[in-house]
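Each chain, letter by letter, is given below.
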Amino acid sequence: MFDKLETLDDLFEMQLKDLYSAENQLLKALPLMAEKAKDGRLRAGFSKHLHETETQVKRLERIGKALNLDLEGHTCKAMAGLIAEGQETMSERATEEVMDAALIAAAQRIEHYEISGYGTAAHFAGRLGHEQAAELLRQTLDEEQLTDTKLNDLAKNYLNRKAE
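Here the structure is a predicted model, which is why all the values come from computation and not from measurement. (Residues numbered from 1 in each chain as written. Predicted model: local features only at pLDDT ≥ 70, side-chain atom pairs only at ≥ 80, totals over all residues. Heavy atoms only, no water.)

## Concerning the environment of M14
Logical step 1: Looking at the element boundaries, M14 is found in helix α1 (residues 8-36).
Logical step 2: You can call M14 partly exposed: its relative accessible area is 24%. (Helix = DSSP H or I, 4+ residues; strand = E, 2+ residues; numbered from the N terminus. Buried < 20%, exposed > 50% of the residue type's maximum accessible area, 1.4 Å probe, protein only.)

## Focus on the layout of surface pockets
Logical step 1: By volume, the largest pocket is sized at about 260 Å³.
Logical step 2: Surrounding the largest pocket, 17 residues form its lining, G45, F46, T147, K150 and L151 being those nearest its centre.
Logical step 3: Among the secondary structure elements, those contributing two or more residues to the lining of the largest pocket are α1, α2 (40-66), α4 (96-127) and α5 (131-163).
Logical step 4: Of all the elements, α2 adds the most residues to the lining of the largest pocket, at 7 residues.
Logical step 5: Counted by class, the lining of the largest pocket contains 9 nonpolar, 3 polar and 5 charged residues. (1 Å grid on protein atoms, 1.4 Å probe; cavity = no way out; pocket = protein on both sides within 12 Å on 5 of 7 lines; lining within 4 Å. Points joined across faces, edges and corners; volume = space filled by probe spheres on them. Nonpolar A, V, L, I, M, F, W, Y, C, P; charged D, E, K, R; others polar.)

## Observations regarding empty space enclosed by the protein
Logical step 1: Enumeration over the complete set of coordinates arrives at 1 cavity of 30 Å³ or more.
Logical step 2: Approximately 70 Å³ is the volume found for the largest cavity.
Logical step 3: Considering the residues around the largest cavity, the lining is formed by A29, M33, I83, G86, Q87, T89, M90, A102, L103, A106 and I110.
Logical step 4: Counting residues per element, the ones that place at least two in the lining of the largest cavity are α1, α3 (77-90) and α4.
Logical step 5: A per-element tally of the lining of the largest cavity places α3 first, with 5 residues.

## Things to note about the pattern of salt bridges
Logical step 1: Across all of its chains, the model carries 5 salt bridges by this definition.
Logical step 2: Across the salt bridge formed by E13 and K17, the nearest N and O atoms sit 3.6 Å from each other. Pair noted here: E13 and K17 are both in helix α1, with a separation of 4 residues, about one helical turn. We note that E13, like K17, is buried.
Logical step 3: One salt bridge connects K48 with E52, and the closest N-O pair in it is separated by 3.1 Å. One end of the pair, K48, and the other, E52, are both in helix α2, 4 residues apart, so they sit about a helical turn from each other.
Logical step 4: Relative accessible area serves as the criterion here: at 16%, E52 is assigned to the buried category. (Salt bridge = Lys/Arg side-chain N within 4 Å of Asp/Glu carboxyl O.)

## Some thoughts on the nonpolar core
Logical step 1: Counting 24 residues, the largest nonpolar core has M33, L42, F46, L103 and I104 as its most contacted members.
Logical step 2: Within the residue set of this core, elements represented by two or more residues are α1, α2, α3, α4 and α5.
Logical step 3: When residues in this core are grouped by element, the largest group, 6 residues, is from α1.
Logical step 4: Ignoring sequence-local partners within four residues, the contact set of L103 consists of M33, K36, A37, L42, F46 and M90.
Logical step 5: Judged by nonpolar contacts, the second largest core, of 19 residues, contains A121, F124, A134 and L136. (Core = buried A, V, L, I, M, F, W, Y, C linked by side-chain atoms within 4.5 Å. Contact = heavy atoms within 4.5 Å.)

Structural data, given as structure tokens:
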């Protein structure tokens, strides 16, 4: 992607491209996760996050346009790996309850990756004086953190008990 990362601007651009790729990969994975989920709340949560992810992609495109950056052409290998692990888990034979718990575990790994990426990108944007981009990235960060909290609550307070 880059011959060299020489400046924080270069690194920020790389982070944005990585997030853009990650979110686009997730757009393809979330419907499969929703389909595999048996618990109605989990299925609804995945569907809701699919719509949030669509909005998050649009935010990244808005940032790219404002900064005159082409976000296409990069593949986030970390997200590809997280999704591949999730797909492997979904192919396992498991009870419905255990599968739902496994889906939450896979989804939380993805959320934690996104939280890290958006937190870093928002910091870089602020540091570089891209205040509008920083605000948009923080908005997505807040959504990712809320999704993680909801998944955690659903797992701890309900689904993991059913899977025991």
